[in-house]
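Descriptive structure summary
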Amino acid sequence: MSTSSVSKGCFVFKPSAKKKKTLSLADHFIHGCEGAENSEKRFKLCQDLWDQIKMDTEVLQDELNRNILDSLLDFTRKCSSTRQHSDWASQMRASEIPTAALVLGVNVPDHDMTFQSLSDLLQQSVTPHVASVQAKECGALKHLIKRVLERLMGTVVTVDDEVVLEAEQTSAQHHKSVHCSLSTLCDWYNTKTKKSNTGTPGKKRSSPVRDGPQQPPVVIIFKDLEAFNPRILQDFILICSRYIERLPLMFIFGIATSPSTIQHMLPHSVSSLLCIELFQSLSCTQHLATVIDKLALLEHFHSQPLSVLCCKKEEALLNVMQLDHLDLERIRHLLSFKRYVENQEPQEQVDLLTDDTHLKEVCQKLIKDLHKYHKNYYPILRCLHTLTSSLPRYPLGKQIRELHLICLEKNVWESEDYQSAMKLLKMLAKDELIALLQRCAEILQPAKSKKIKSALVQLEDMLAKFKQLDTVAAEPPPTVEDSITSPLKHLQKKTDLAQLQKTLLEMNESRRAKKLSPFEVLRNEALEFIDSLVKCHLSPPESQVLNEVCYYTSSATVRRHLNATPRTSIQAALNSPFYYLQNDRLKTEDGTVSNAAPDICIVYKLHLECGRLINLYDWLEAFATVVSAAEGNDPDSDNFGKVDEIKHARFIRAVSELEFLGFIKSTKQKTDHVARLTWGGC
């Protein structure tokens, strides 16, 4: 096939006459996965589970943010109460604005959700006057003021440019009185709080914030402080400081990087007008760990055709009867099912391998057993975690996910850590052990499984016996005590090594012969009961028939997705977008550019053919030629390869993205060139 390109080595092939169609996630999932015959149903199941995971993640994030949000609410209440019920001037200057610097960090997954929760809590319990602003909607001072007033007053606000211009001059004239549209907010606030200023002529007006107890603060939240124009932010703070006597203002700065951002953005003359208190958000390790646990979900539903059975029991039983012969053959090839068949009678083996109807009936029974396993597994897992997470050094992990991973890999009761944990549990005091067993009973309480209900009855009987021990006085046998203490006294007089070893052996035998107290007998009985529950219900999922339907075991694939190799990942994505998008339309031979490739991939391929310095005009012409061919234009036409406004804009955006990723940078050697920052070529 002939090629046409001003860029040597970059091959472009004409697209089909059909209009390009962008594939959605659903289209990609349905047309590119294993077992496409039931892919729509699997995608629906995957989407439903993903929605549930998303909701659970939001709930978890709310829990993680609860402490920091409560602290912010206390800070807001404290500042408001201080202004109303004490000598405000003695605690801070009249021009100081209470400011909370909320450092969320760059890894928090959704800052908007956090600020929305904060805004809702403030409006519910502290003040109805809360306004949130972002930098992208506040490109000028008048825009910032306009957004604040509109969101506080709930009406359309027009700001006089002349007034704002006069207000902007306050940065250079700190001591002059400032007239700004914030006076409109003051009048509105006084009306809302029914505290209009009606002072006597000739007498200084009193500050409305000290007139009564009903003075809710006016809170302004800056969601992304780093993105604000420093000059706009400085001018706004200077204006607000002029109204602090009339308006109980309060700021909340959302910071993603470091608290030092405030010092870099605000000079001392401005930052001194703020009374800043720092609030640091919690680590997102727990949140990320929970989310990462769910990353295998899409991969499982995409690669496992039998994942159509990974749903609620009733729906799974119905889906079993709808399986076709190909799906049933997939079941016959599962390792767990092969092991199951090997343990059956010869005639049953023949029926399972040849009779599809019989196999469906058996699969329904196996699916029911798998769901019973799930119902029993998780309550017992939580009970074991409750018992072991309180032990020193966390022998089975501090978090339940760590214990869950151990149970997935092997029989947990055969591990040394489990044996160590059971020994430590035998050393707990009576009150500690009873408290832990009581928490286990609370965990088992809502379970609906018959086996778990039976276990709950036995556990409650043991707890009742523990409580009866308080009325029984146990008398230690004196002979045992004498047998233990007398060798100790004898040891003080003996220094011979052989005699020492003999005495220690006698002490050990004495302890073994000691009669157990009623508490120790009941304690051992309770721990043996817990041990029996663990052995019965915490066997690894691989021991269950049809476990492949619900469990994803290809850890290597997930590890490849999670490995933090940004340079390799970026280069792989730019060289071959098919590697990540898995779209057949992006498949190409080595050294070629797909018609459907993103602009940044085309620009990246072209830049690999250049030297250390790249001529931007030549680069643009090469890009225009590639794009023209990809659009199906006639190579012999006069307009082929010409640069128009759209191609120019696409090129600028792609080059800017490459610069952001660190592949190129501007250079002072030649104004119309950029410098490469990476090695290698095509």
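Residues numbered from 1 in each chain as written. Predicted model: local features only at pLDDT ≥ 70, side-chain atom pairs only at ≥ 80, totals over all residues. Heavy atoms only, no water.

A word on the overall build of the chain. Summing up its helical and strand segments, the chain has 30 helices and ten strands in all. The buried share of the chain, taken over its 682 residues, is 43%. Carbon and sulfur atoms form 52% of the exposed surface of the chain, whose accessible area is close to 38500 Å². (Helix = DSSP H or I, 4+ residues; strand = E, 2+ residues; numbered from the N terminus. Buried < 20%, exposed > 50% of the residue type's maximum accessible area, 1.4 Å probe, protein only. Areas by Shrake-Rupley, 256 points an atom, 1.4 Å probe, with all protein chains shown as cover.)

Here the focus is the sheet that holds strand β5 (residues 249-255). Ordered by their spatial adjacency, five strands build an open sheet running β3-β4-β5-β2-β6, and the pairing between neighbours is parallel. The two strands at the open ends of the sheet, each matched to only one other strand, are β3 (130-133) and β6 (274-280). Each neighbouring strand pair of the sheet contributes to a mean axis angle of 20°, computed without reference to strand direction. The strands that helix α5 (residues 141-153) touches are β3 and β4 (218-222); relative to β3, the one it contacts most, it runs at about 145°. (Pairing = 2+ DSSP bridges. Axes fitted to C-alpha atoms, helices over the stretch in contact; angles between N-to-C directions. Contact = heavy atoms within 4.5 Å.)

For the coordinates displayed, the defined rule picks out 15 salt bridges. A salt bridge links Asp 235 to Arg 231, with the nearest nitrogen and oxygen atoms 3.6 Å apart. With Asp 235 and Arg 231 both in helix α8 (residues 230-241) and four residues apart, the pair spans about one turn of that helix. By relative accessible area, Asp 235 is classed as buried at 4%. With a relative accessible area of 48%, Arg 231 lands in the partly exposed category. In this structure, Asp 327 and Arg 330 form a salt bridge, with 2.7 Å as the shortest nitrogen-oxygen distance. In this pair, Asp 327 and Arg 330 both sit in helix α14 (residues 325-332), three residues apart, roughly one turn of the helix. One continuous salt-bridge network, built from bridges that share partners, spans Glu 329, Arg 332 and Asp 356. (Salt bridge = Lys/Arg side-chain N within 4 Å of Asp/Glu carboxyl O.)

Before going further, it helps to spend a moment on the environment of Met 250. Structurally, the position occupied by Met 250 is in strand β5. Given a relative accessible area of 2%, Met 250 falls into the buried group. The spatial distance from the C-alpha of Met 250 to the C-alpha of Ser 80 is 9.1 Å, given a sequence separation of 170 residues. The residues contacting Met 250, other than those within four sequence positions of it, are Thr 76, Cys 79, Ser 80, Ile 97, Pro 98, Pro 217, Val 218, Val 219 and Ile 220.

What follows is about the packing of aromatic side chains. Under the definition given, this model contains 14 aromatic pairs. When the ring of Phe 222 is compared with that of Phe 251, the centres are 5.5 Å apart and the planes differ by 90°; the resulting orientation is edge-to-face. Here Phe 222, found in strand β4, pairs with Phe 251, found in strand β5; they are 29 residues apart in sequence, far enough to count as distant. Just as Phe 222 is buried, Phe 251 falls in that class too. The interplanar angle of 75° and the centroid separation of 5.2 Å between the aromatic rings of Tyr 604 and Phe 663 together place this pair among those described as edge-to-face. Residue Tyr 604 is found in helix α28 (residues 599-608), and its partner Phe 663 is found in the loop between α30 (645-661) and β9 (664-666); the two are separated by 59 residues along the sequence. Three or more aromatic residues joined by ring pairs make a cluster, and in this case those are Phe 222, Phe 228, Phe 236, Phe 251 and Phe 253. (Phe/Tyr/Trp six-rings, centres within 6.5 Å; stacked < 30°, edge-to-face > 60°.)

Core analysis: the largest hydrophobic core is formed by 48 residues, its most contacted members being Leu 396, Val 412, Tyr 418, Leu 437, Phe 466, Val 534 and Leu 538. With residues up to four places along the chain from it excluded, the contact list for Val 412 reads Leu 396, Leu 403, Ile 406, Cys 407, Tyr 418, Val 534 and Leu 538. Listed in part, the 44 residues of the second largest apolar core include Ala 131, Phe 228, Leu 238 and Ile 262. (Core = buried A, V, L, I, M, F, W, Y, C linked by side-chain atoms within 4.5 Å.)

Mapped onto the elements of the fold, Ser 132 is located in strand β3. Of the residues examined, Ser 132 reaches a relative accessible area of 16% and is grouped as buried. Discounting chain neighbours no more than four positions away, the residues touching Ser 132 are Glu 137, Arg 151, Ile 221 and Lys 223.

With that settled, consider the packing of α5 against helix α7 (residues 182-193). It is at 10 Å that the axes of α5 and α7 come closest, and there the two elements cross at 15°. Here α5 lies roughly parallel to α7, going by the angle between them. Remark: the crossing between α5 and α7 carries left-handed chirality. Touching Leu 149, Leu 152 and Met 153 of α5 are Leu 182, Thr 184, Leu 185 and Trp 188, all from α7. (Parallel < 35°, antiparallel > 145°, perpendicular 65-115°, else oblique. Left-handed = near helix turned anticlockwise from the far one by under 90°.)

This part covers the confidence of the model for the chain. Residues shown with low pLDDT carry predicted positions that ought not to be read at fine detail. Of all residues in the chain, 71% attain a pLDDT of 70 or more, and the chain-wide mean is 77. Across residues 1-23, where pLDDT falls below 50, the model places 43 contacts with residues more than four positions away in sequence or in other chains. Note on residues 170-180: pLDDT is under 50 here. Beyond four places in sequence and across chains, it has 24 contacts. (pLDDT = per-residue confidence, 0-100.)

Together, Tyr 579, Tyr 580 and Leu 581 make up a nonpolar patch on the protein surface, roughly 320 Å² of accessible area in all. Inspection of the secondary structure assignment puts Leu 581 in helix α27 (residues 578-581). A residue is classified by how much of its surface remains accessible, and Leu 581, at 46% relative accessible area, is partly exposed. (Patch = residues over 30% accessible without salt bridge, like charges linked within 9 Å, V, L, I, M, F, W, Y side chains within 5 Å.)

So, about the packing of helix α17 (residues 356-388) against helix α18 (residues 400-409). At a minimum axis distance of 10 Å, the contact between α17 and α18 shows a crossing angle of 120°. The angle between the axes of α17 and α18 places the two elements in the oblique class. Viewed along their axes, α17 and α18 form a crossing whose handedness is right-handed. Of α18, the residues touching α17 (which contributes Tyr 377, Tyr 378, Leu 381, Arg 382, Leu 384 and His 385) are Ile 400, Leu 403, His 404, Cys 407 and Leu 408. Among the residues forming the contact of α17 with α18, the class breakdown is eight nonpolar, two polar and one charged. (Nonpolar A, V, L, I, M, F, W, Y, C, P; charged D, E, K, R; others polar.)

When you line up the elements, His 607 lands in helix α28. For His 607, a relative accessible area of 0% translates into the label buried.

The subject of this paragraph is the pairing of β5. Burial within β5 is extensive, with seven of its seven residues counted as buried. In this sheet, β5 lies alongside strand β2 (residues 97-103) in parallel orientation, the contact comprising five bridges. Paired with Val 103 across the two strands is Ile 255, which belongs to β5. Bridge analysis of β4 against β5 gives five bridges, and the strand direction is parallel. Bridge assignment links Phe 222 to a residue of β5, and that residue is Phe 253. Between β4 and its parallel partner β5, the chain crosses via α8, and the hand of that crossover is right-handed. (Right-handed = clockwise from strand over helix to strand, strands pointing away.)

On the surface, Lys 368, Lys 372, Lys 375, Lys 448, Lys 450, Lys 451 and Lys 453 cluster together into a patch of positive charge. Elements with a minimum of two residues in the positive patch: α17 and α21 (450-468). (Lys, Arg positive; Asp, Glu negative; His and termini not counted. Charge placed at Lys NZ, Arg CZ, Asp CG, Glu CD.)

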